[in-house]
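# Structural features, examined
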Amino acid sequence: MFTVRGRFDGKTIELLEPPPVDEETFVLVTFLEGPLETAAARESRRAVSVAMFSLDRYAGPLKQRLRAGQPSADAPRPFTVGEIMTRKVISVAPDATAAEAIHIMNKHGITSVLVEPDASGEWGIMTMRDVLQKIVAADRSPEEVAVNELASRPLVYVSPEMSLRDCSKLMIDRNIRRAAVRERDRIVGIISDTDIFQVVEERGWGPMPPTES
């Protein structure tokens, strides 16, 4: 997703810079900054939320920009979990409150936090989705709910040497978005579907080169 500055007068949207998309049309989702009452009339905001624009006049500049942003053929392409995993592991105690965990997640700009082993001896994970489902939707107070009630256990583990292809297949098969990276019985990182997606977007993708025998 790209951010493009624009001006909204309550009825139409005027782009202030060319959108970085190499297509004939694209979908623009508008986000209004500042007080909504002064950004536009309520009726107009209801009527204008998504707009389609022709990119004919942007075709030339867009192609040049996209070509400039393409990865170099010589750029190394990561193929293992250990090459792209997040190495900073943040965890909370199982008896911490959900409010404390939410504060930590917000402070560090993360969407999940590991939960240290409970009586079962298993590590767990609490995600933003857990907060939405088990706190907000359930109308519960985060100050009164222990993280252990929200955590999913046991964790799904992968090794740093696992290929991104195999890791992707595992995430799909287990219907998960994150896996803990474990090496010699120690958690050394976290890998998410977002990490893999960014690799594909930034470096491209293709079959792993054959290993020399």
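Residues numbered from 1 in each chain as written. Predicted model: local features only at pLDDT ≥ 70, side-chain atom pairs only at ≥ 80, totals over all residues. Heavy atoms only, no water.

### Section: the pairing of strand β7 (residues 124–127)
Side-chain alternation along β7 places G124 and M126 on one buried face and I125 and T127 on a second face that is also buried. As paired elements, strand β6 (residues 112–115) and β7 share four bridges and run antiparallel to each other. Within the sheet, the bridge partner assigned to S112 lies in β7 and is T127. (Buried < 20%, exposed > 50% of the residue type's maximum accessible area, 1.4 Å probe, protein only. Helix = DSSP H or I, 4+ residues; strand = E, 2+ residues; numbered from the N terminus. Pairing = 2+ DSSP bridges.)

### Re the pattern of salt bridges
Two side chains with opposite charge may pair up if their charged atoms get near one another. Following the criterion strictly, the structure yields five salt bridges and no others. With a closest N to O distance of 3.8 Å, K134 and D130 form a salt bridge. With K134 and D130 both in helix α6 (residues 128–136), this residue pair falls four residues apart, about one helical turn. You can call D130 buried: its relative accessible area is 7%. In this structure, D166 and R165 form a salt bridge, with 3.6 Å as the shortest nitrogen-oxygen distance. (Salt bridge = Lys/Arg side-chain N within 4 Å of Asp/Glu carboxyl O.)

### Details of the packing of helix α8 (residues 164–174) against helix α9 (residues 193–203)
Two numbers describe how α8 lies on α9: the axes approach to 11 Å, and their chain directions differ by 135°. As judged from the angle between their axes, α8 and α9 are oblique. Both α8 and α9 take part in a crossing whose hand is left-handed. Across from L164, C167, S168 and M171 in α8, the residues of α9 making contact are D193, I196 and V199. The residue makeup of the contact of α8 with α9, split by class, is five nonpolar, one polar and one charged. (Axes fitted to C-alpha atoms, helices over the stretch in contact; angles between N-to-C directions. Parallel < 35°, antiparallel > 145°, perpendicular 65-115°, else oblique. Left-handed = near helix turned anticlockwise from the far one by under 90°. Contact = heavy atoms within 4.5 Å. Nonpolar A, V, L, I, M, F, W, Y, C, P; charged D, E, K, R; others polar.)

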